[in-house]
Amino acid sequence: MGFQCYPTRIIRYLTQTRQSGGQPVIILTKADLAPDYNLLLAEVTQIIPDVPVHAICNHTGLGMNELDPYLMPDKTVVFLGMSGVGKSSLLNALIEQDVMKVQAIREVDSRGRHTTTHRQLFMLPSGTMVIH
């Protein structure tokens, strides 16, 4: 989720993930927009203590290496999240090219914009498959 935390939405996505048999991992995107992303990390970890939580920033590379254990060859990951939270930007950063269209955040409220209109399967350089 972009650095505006919505615990009830996170819990909904966790429920979907667990019901599918998947292993949930929470990735808080756009860490560069948070005054103190460590505070938000602590909040989410306290609310949902049994799920790994990572803060990242595609632009600066902050935390991106923490995702490596989840991006192994022959694994498939699915990006779930609200519109505009940075799923497409994350995919572009991981695949190291612009495969998904992204838009700048809105100046008025620093929120992302809905851009993606379909689901697609991508292969990362690591061999991980990503459904976006």
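Further up the page is the structure itself.
All values reported here derive from a predicted model rather than from experimental measurement.

Novice: Mind showing me how you'd approach the sheet that holds strand 4 (residues 121–123) here?
Specialist: Within a beta sheet, neighbouring strands are joined by backbone hydrogen bonds and run either parallel or antiparallel to one another. With respect to topology, three strands assemble into an open sheet ordered 3-5-4, the strand pairing being mixed. The sheet is open, and its two borders are formed by strand 3 (76–78) and strand 4, each paired with just one other strand. With direction set aside, neighbouring strand axes in the sheet form an average angle of 25°. Note that strand 3 and strand 5 (residues 129–131) share three bridges and pair parallel. When the bridges of strand 5 are listed, Val 77 appears paired with Val 130.

Novice: Help me understand the pattern of salt bridges, please; the structure alone is not making it clear to me.
Specialist: In total, this model carries one salt bridge according to the counting rule given. One salt bridge connects Asp 50 with Arg 18, and the closest N-O pair in it is separated by 2.9 Å. One end of the pair, Asp 50, is in the loop between helix 2 (37–47) and strand 2 (53–55); the other, Arg 18, is in helix 1 (residues 7–19), with 32 residues separating them in the sequence. Residue classification places Asp 50 among the exposed positions, given a relative accessible area of 56%. According to the relative accessible area criterion, Arg 18 is partly exposed, its value standing at 41%.

Novice: Teacher, can you tell me more about helix 1 here?
Specialist: Because each turn of an α-helix spans 3.6 residues, side chains separated by three or four positions end up pointing in the same direction. The end-to-end C-alpha distance of helix 1 is 18 Å, a good match for the 18 Å that 13 residues give at a rise of 1.5 Å each. Along helix 1, the residues that are buried comprise Ile 10, Leu 14 and Thr 17. For helix 1, the buried positions fall inside an angular range of 60° around the axis, keeping them on one side. The outward face of helix 1, more than 90 degrees from its buried face, is lined by the exposed residues Thr 8, Arg 12 and Gln 19. Considering only its buried residues, helix 1 is in contact with strand 1 (26–28) and helix 2. Positive phi appears at Gly 21, one or two residues downstream of helix 1, with a value of about 90°.

What counts, and where the lines are drawn
- Residues numbered from 1 in each chain as written.
- Predicted model: local features only at pLDDT ≥ 70, side-chain atom pairs only at ≥ 80, totals over all residues.
- Heavy atoms only, no water.
- Pairing = 2+ DSSP bridges.
- Helix = DSSP H or I, 4+ residues; strand = E, 2+ residues; numbered from the N terminus.
- Axes fitted to C-alpha atoms, helices over the stretch in contact; angles between N-to-C directions.
- Salt bridge = Lys/Arg side-chain N within 4 Å of Asp/Glu carboxyl O.
- Buried < 20%, exposed > 50% of the residue type's maximum accessible area, 1.4 Å probe, protein only.
- Expected span 1.5 Å × (residues − 1).
- Arc of directions from axis to C-beta.
- Contact = heavy atoms within 4.5 Å.

In short, geometric facts, not functional conclusions.
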